[in-house]
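Secondary and tertiary structure notes
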Amino acid sequence: MLDNVIEVDGLVKYFDGRCILGGIDLKVPRGCIYGLLGRNGSGKTTMIRILLGLEPPTRGRTLVLGQDSMKLSAKTHGRIGYVAEGHHLIQGYKVQRLINLCKGLSLQWNDDFFGHLMETFRLPMDRRVKELSAGMRAQLNLALAMAIDPDLLILDDPTLGLDTVARRQFLELAIDVIQRQGRTILFSSHILSDVERIADRIGVLVAGKLAVDCALEDLKNRVRKLRVIFPERAPQDLYITEIINQRAEGREMVLTVANWNQQKKAILDTFGPESCTETPMTLEDIFIECTRPASAVVPQESEV
Amino acid sequence: MNARRYDIIHIFATGIVVMLLVSLVLFWARFFCQMNQYALVSNAAGQLQVRPTGLFEGEDDPNVVPCRVTARMNASGPLIGPFVVLGVAQYLQSRVPLGPDSHIYWWAPNEVDQWLYYDPSLGLMVHKGIAEVPQPDGSVNLRHFINYAGPEGIGEAPTKELGRFISPITSVYYPRRWVAYDQGLRRFYAIQWRDGTVEKGPELPEDSTCRPVQIGVLEKNSMCLDVRFVPASIREKPEDTSDTRADAERERPSVLTAIGGPWPMTDLLPVLDASGRIHLLDSETLEFAGGASSAAASLSYWDGPPGPDSVAAFSVSLISVPKRRGSREWTHAGCAVATLSRELTAMRLDVFDPNGRSVASAKTPSYLELPGASAWVAARFVVESLHPPVFMLASYFTASSSEATTGYRSLFLLPNSFVATKARDRSVGWVGRFGASLMLMLPAVALGIFLAWRVARDADRIGLSHEAKMLGVLGTFALGLPGYLTYRLTRPKIALVTCRNCGLGRRPDREKCHHCGSPWHVPELIPPAWRVVEEGNWGVEEAQPGPAVPQAEDASEAL
Amino acid sequence: MLALIAREIRDQFVYIGACCSLSAIMIGSAVSLYVWSMAEGLFLFSAVLMSVLFIGFCVLGASQMYADRANRISVLLSTMAVTRSRILAARVLVGALTVLVSLIPFVITIVVLLQIAIPPVKFYSRMVWEISASAILTGFACYCIGLLIGWTSNKSRLILGTLLGVVLMTSILVAKGFGPSVMLLLLLFIAAALTHTWHKFTSVSL
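Here the structure is a predicted model, which means the values were calculated and not measured. (Residues numbered from 1 in each chain as written. Chains lettered and ligands numbered in written order. Predicted model: local features only at pLDDT ≥ 70, side-chain atom pairs only at ≥ 80, totals over all residues.)

**Notes on the overall build of chain C**
Looking only at helices and strands, one finds 8 helices and 0 strands in chain C. Listing each helix as α and each strand as β along chain C from the N terminus yields α-α-α-α-α-α-α-α. The globule rule puts the C-alpha radius of gyration for 206 residues at 17 Å, and the 18 Å found for chain C is close to it. Seen through its C-alpha atoms, chain C measures out along the principal axes to roughly 60 × 30 × 30 Å. The 206 residues of chain C split such that 45% are buried. Put simply, of all contacts in chain C between residues at least 6 apart along the chain, 84% involve residues at least 24 apart. (Helix = DSSP H or I, 4+ residues; strand = E, 2+ residues; numbered from the N terminus. Rg over C-alpha atoms; globule rule 2.2 N^0.38 Å. Buried ≥ 20, exposed ≤ 12 C-beta atoms within 10 Å, placed from the backbone. Contact = placed C-beta atoms within 7 Å.)

**Re the overall build of chain A**
In terms of helices and strands, chain A carries 10 helices and 14 strands. Projecting the C-alpha coordinates of chain A onto the three principal axes gives extents of approximately 70 × 40 × 35 Å. For chain A, buried positions account for 46% of its 304 residues. Contacts in chain A between residues at least 24 apart in sequence constitute 70% of all its contacts with a sequence separation of at least 6.

**A few points about the domain arrangement of chain A**
All names here are of chain A. Considered domain by domain, chain A is made up of domain 1 (4–206) and domain 2 (218–291). The partner domain 2 presents 7 residues to the 8 residues of domain 1 that form the contact. Breaking the side of domain 1 that touches domain 2 down by element, the ones donating at least two residues are α7 (192–198) and β9 (201–206). The residue makeup of the side of domain 1 that touches domain 2, split by class, is 6 nonpolar, no polar and 2 charged. (Domains from an automatic or database assignment. Nonpolar A, V, L, I, M, F, W, Y, C, P; charged D, E, K, R; others polar.)

**Quick word on the nonpolar core**
I154 of chain A, A336 of chain B together with C58 of chain C are the most contacted members of the largest nonpolar core, which totals 268 residues. Both domain 1 (4–206) and domain 2 (218–291) of chain A contribute no fewer than three residues apiece to this core. Beyond its immediate chain neighbours, meaning those up to four positions away, C58 of chain C contacts C142, Y143, I145, G146, T162, G165 and V166 of chain C. (Core = buried A, V, L, I, M, F, W, Y, C linked by C-beta atoms within 7 Å.)

**Let's talk about the environment of C210 of chain B**
Residue and element names in this part refer to chain B. Within the fold, C210 resides in the loop between β12 (197–200) and β13 (212–215). Of the residues examined, C210 has 15 C-beta atoms within 10 Å and is grouped as partly exposed. Counting along the chain gives 72 residues from C210 to D282, while the straight-line C-alpha distance between them is 15 Å. With sequence-adjacent residues up to four places away left out, C210 is seen in contact with L204, D273 and H279.

**A look at the packing of helix α5 (residues 84–117) of chain C against helix α8 (residues 180–203) of chain C**
Residue and element names in this part refer to chain C. Two numbers describe how α5 lies on α8: the axes approach to 9 Å, and their chain directions differ by 140°. With respect to α8, the element α5 is oriented oblique. Between α5 and α8 the crossing geometry is right-handed. Side by side, α5 and α8 meet where R84, S85, L88 and V92 of the first sit next to L194, T197, W198, F201 and T202 of the second. (Axes fitted to C-alpha atoms, helices over the stretch in contact; angles between N-to-C directions. Parallel < 35°, antiparallel > 145°, perpendicular 65-115°, else oblique. Left-handed = near helix turned anticlockwise from the far one by under 90°.)

**Examining the interface of chain C and chain A**
Counting from both sides, the interface comprises 17 residues of chain C and, opposite them, 22 residues of chain A. Contributions of two or more residues to the side of chain C that touches chain A are made by α1 (2–11) and α4 (73–78) of chain C. Examining the composition of the side of chain C that touches chain A, we find that 4 residues originate from one element, α4 of chain C, more than from any other. Broken down by class, the residue content of the side of chain C that touches chain A amounts to 8 nonpolar, 6 polar and 3 charged.

**A word on helix α2 (residues 13–35) of chain C**
Residues and elements named next belong to chain C. Compared with an ideal rise of 1.5 Å per residue, which puts 23 residues at 33 Å, α2 spans 32 Å between its outermost C-alpha atoms and is within 8% of the ideal. Residues Y15, I16, C19, S23, M26 and A30 constitute the buried set of α2. Where α2 is buried, its residues meet α1, α3 (42–71) and α5. Backbone geometry just downstream of α2 places S37 in the positive-phi region, at approximately 55°. (Expected span 1.5 Å × (residues − 1).)

**Some remarks on the sheet that holds strand β5 (residues 115–119) of chain B**
All names here are of chain B. With antiparallel pairing, 5 strands are arranged side by side in an open sheet as β4-β5-β6-β7-β8. Edge positions in the sheet fall to β4 (104–107) and β8 (153–155), since each of these pairs with one other strand and no more. Direction aside, neighbouring strands of the sheet carry axes that sit 25° apart on average. For β4 and β5, the ladder comprises 3 bridges, and the chain directions are antiparallel. Within the sheet, the bridge partner assigned to W106 lies in β5 and is L116. (Pairing = 2+ DSSP bridges.)

**Re the packing of helix α7 (residues 155–176) of chain C against α8 of chain C**
All names here are of chain C. Contact geometry for α7 and α8: axes closest at 10 Å, N-to-C directions at 155°. Here α7 lies roughly antiparallel to α8, going by the angle between them. The chirality of how α7 crosses α8 is right-handed. Across from I172, L173 and K176 in α7, the residues of α8 making contact are S181, V182 and L185. When its residues are assigned to classes, the contact of α7 with α8 shows 4 nonpolar, 1 polar and 1 charged.

**Comments concerning the environment of R457 of chain B**
Take R457 of chain B: it is sitting in helix α9 (residues 430–462). Measuring from C-alpha to C-alpha, the distance between R457 of chain B and K469 of chain B comes to 9.4 Å, with 12 residues separating the pair along the chain.

**Structural notes on the confidence of the model for chain A**
Residues and elements named next belong to chain A. When pLDDT is averaged along chain A, the result is 87, and 94% of the positions lie at 70 or above. Element-level pLDDT for chain A is lowest in helix α6 (residues 164–179), with a mean of 77, against a maximum mean of 95 in strand β5 (residues 67–68). Below pLDDT 50 for its whole length, residues 295–304 participates in 20 contacts with residues either more than four positions away or in separate chains. (pLDDT = per-residue confidence, 0-100.)

**Focus: unusual backbone geometry**
Geometrically, the link from R51 of chain B to P52 of chain B is a cis peptide bond, its omega value of -5° lying close to zero. On the secondary structure map, P52 of chain B appears in the loop between β1 (47–50) and β2 (64–65).

**As for the pairing of strand β6 (residues 124–134) of chain B**
Regular strands place their side chains on alternate faces of the sheet. All names here are of chain B. Relative to β6, β5 runs antiparallel, the two being bridged by 5 bridges. Note that in β6 the partner of D119 across the bridge is L124. Counting the residues in the hairpin turn of β5 and β6 gives 4 residues, including G123, whose phi is positive at 75°. Here β6 pairs with strand β7 (residues 140–150) via 10 bridges, running antiparallel. Looking across to β7, one finds that P134 is bridged to V140. Taken together, β6 and the strand that follows it, β7, pair antiparallel across an intervening segment of 5 residues, in which G138 is found at a positive phi of about 95°.

**Examining the pairing of β12 of chain B**
All names here are of chain B. Of the pairings in the sheet, the one linking strand β11 (residues 187–192) to β12 comprises 4 bridges and is antiparallel in character. Its bridge partner being in β12, I191 is matched across the sheet by V198. Between β11 and β12, which pair antiparallel one after the other, the connecting turn spans 4 residues, and G196 there sits at a positive phi close to 75°.

Set out below in structure tokens:
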């Protein structure tokens, strides 16, 4: 039994001389619900496509269910359910024909579950895929991905185009899948409240690197937003490492720090702040702080 | 299969596809040039005439319009020559019933099941037909029959006693006495179906220089060349009356009664051997009566070893005269031989007497003397120079062994190229031939070197391994344009990234710059200085749960 | 695999149907020409229609690849229990079946007509076999040309490439005739073209 369903080792991807992923290392253990986050263009979809063998990596290695992504066997493909961003279904096919095709190509097909999904979504069977609304296409895509009882479910912005009710239905489905033993989910989404609700682990792509890769609760503990008031003007050089963001105005400084610990606190104390209060952050707040483009970052001198 | 072997297979596969497609384009470009050269010659100098023939007394009689022999290109239509020698035409010509490679010698399509053919599986000639069987009451019944003829006899069943032919060639079918030669058994045979007998001629010695290749009607690609004999005629004078004309007709010398044609009129059958000589075979005794002509004399006008394989087309007209005035028996009086060179740009006509001596000849002017010829020669040379150098070199070494018309079917080798023509030029020694051929190959070699240089430069630029670079360079040098195109199609398609260290383009799929060896730096992406990962933090001691900090319930409360 | 083949046949039904219809026209024409004692024109007529059929094969191959790229069919299929090799194998199998189903009945018709018109003798069966095999291989080679040039989004390049490819491939028969050497050359080309297509299809980004 594999411990890690997905292993990414030094993944680099260039498109036409432009670096998208600059060295990603990632392990997704079995049974984990991994939320992959990042801003538009950060490389989430690219990484997912590389994992599925749709795109070759420029450098590095990716293993899915123990096999190289570019050499996945048909059996391994059959154990992966995929909902693509944009829902790449064959537009000219009728819904029933598409279902028959997917059923014919699958290793296992859960007719009951699929029937239940189709009843829930109420999709018209005799209409062509291109005539469906974006939300209906998303539902169909989701149903097809889940009907094969996948060991690994990869969802790339699966709720894009879904209304609130449909989104809730999807979440419930996802929870249903989670409750089945041994299932692993990797999904990316821009609706962080959904991610926060179901994910175990979080990964955040920033500037081609996986800047965050830890459990959700761990992330909330380790990333702190502090509001510090100094007796006089806030100091220019605050010798604290891993500052995610820093904003100073007069005596007040708002500081977002990664891996907050005793050492950092001690350093802060040396500057003699009058007060230091923490602002609670949701996942969305943390994400915004981590991916803010004007972050005060310390340029690296060493090679990455 | 490892990646390297996989790539080599892909490169070879792509190379084969490119080579075939490029070769086809070049083939038709060459053919276009050759077709225009042929058109130029056939329009300007497509007919030769020999008059008088020198075969008969009385040809110089002022009252007689002497005999003449004419040879024409485009015998069956304009521009037929180049198309007749193409592969599909050659295949159909030879394979259709009655063709030289069909083994069908006679076929009566309007009658039921009348055939004469050679069955290679049996090694026997087979004659299927219908015989009329007269009945006592005067009526005639038709009976189907099958007879088999082998070297040892004729029978109604293919028994071993009949023997087995190995590789027969035959003359035109004559029901009474049909002559065949077996190249494996080295004998002539006269098969007489009506009598049910097979006569054998003497066995030719194994080291005999005579190796017959055709018997009876001697021709090759006669659709693009024919030769005709026109007999002499009484010269008409204004003062002639019908009586004087009648007297002249009665006193007709033999010159006026001679006839010519491809079909033998006498018992002497012409036999062409592989060296181009035409012998006369007595069909009664099955022994040679002497040489009728030496076709080799006309074939050596062009390049290459003499023989029917060195010319694109030839046609022979046998000239006969009656034994006596008014007789229906004929005597062999000589023959006329017309040949067309392998490039289809030169024609020669020779007349030979009954003893095989050449008595008259004519040839077309040099091709380059014709207006516009130089342009087509230059165009053809340019097209040939686009071929792979290695194929041009191979054409040099195979030039002497290639049949004349293979150049019109060959995609890769060039048997009719300037290089091959020089290779067949026996007027200079081998050093001179090879040196001249190398000069002719110079443009192709220069192109190969130029393209190989480009490949080397590109390979360095994109950081190909030394082995891959060498394969590309050598392949391009040897194979020229197709090799270069193959390289361009199979080289890795990579957008290079400027190396921060040396400023040159480096491959993003390599750990180090292939120019300066520096590791990666990605200037356009500046990753954050912090990390929140589970297994060891970046640059700092292992994270402990941070100290509790009072939380602000309301932002305004803090101040 | 059967599901892939069925999908391919259904998607390309128009082109497959056109090729089969053309084949039926050729068969009907051959019989008519024989019945009306115009057998001399049969060869030329067959050659012309055969050329059109070759264009049809090339268009089939090009259409399979073009439609895949345009509609991102393989993107969807690759995420199911299939590999790219199987997708391509199904595609090529359908192409091969189309070529065989279009040409073999015509060949059989010609053989039957020859049997009726010309009594059966062993020697010309070799010629019929060589011509038929060469024609079938040329048809398949034209199909492979279509596969090679079809993976593009440029329609004019597709059309020009199709026409040029078919003309070049068919001209092999004119240049070299029929027979073992041509068959070997065509087999080599087909193997090379399929290898190149397979390499390109399995390594390209979908």
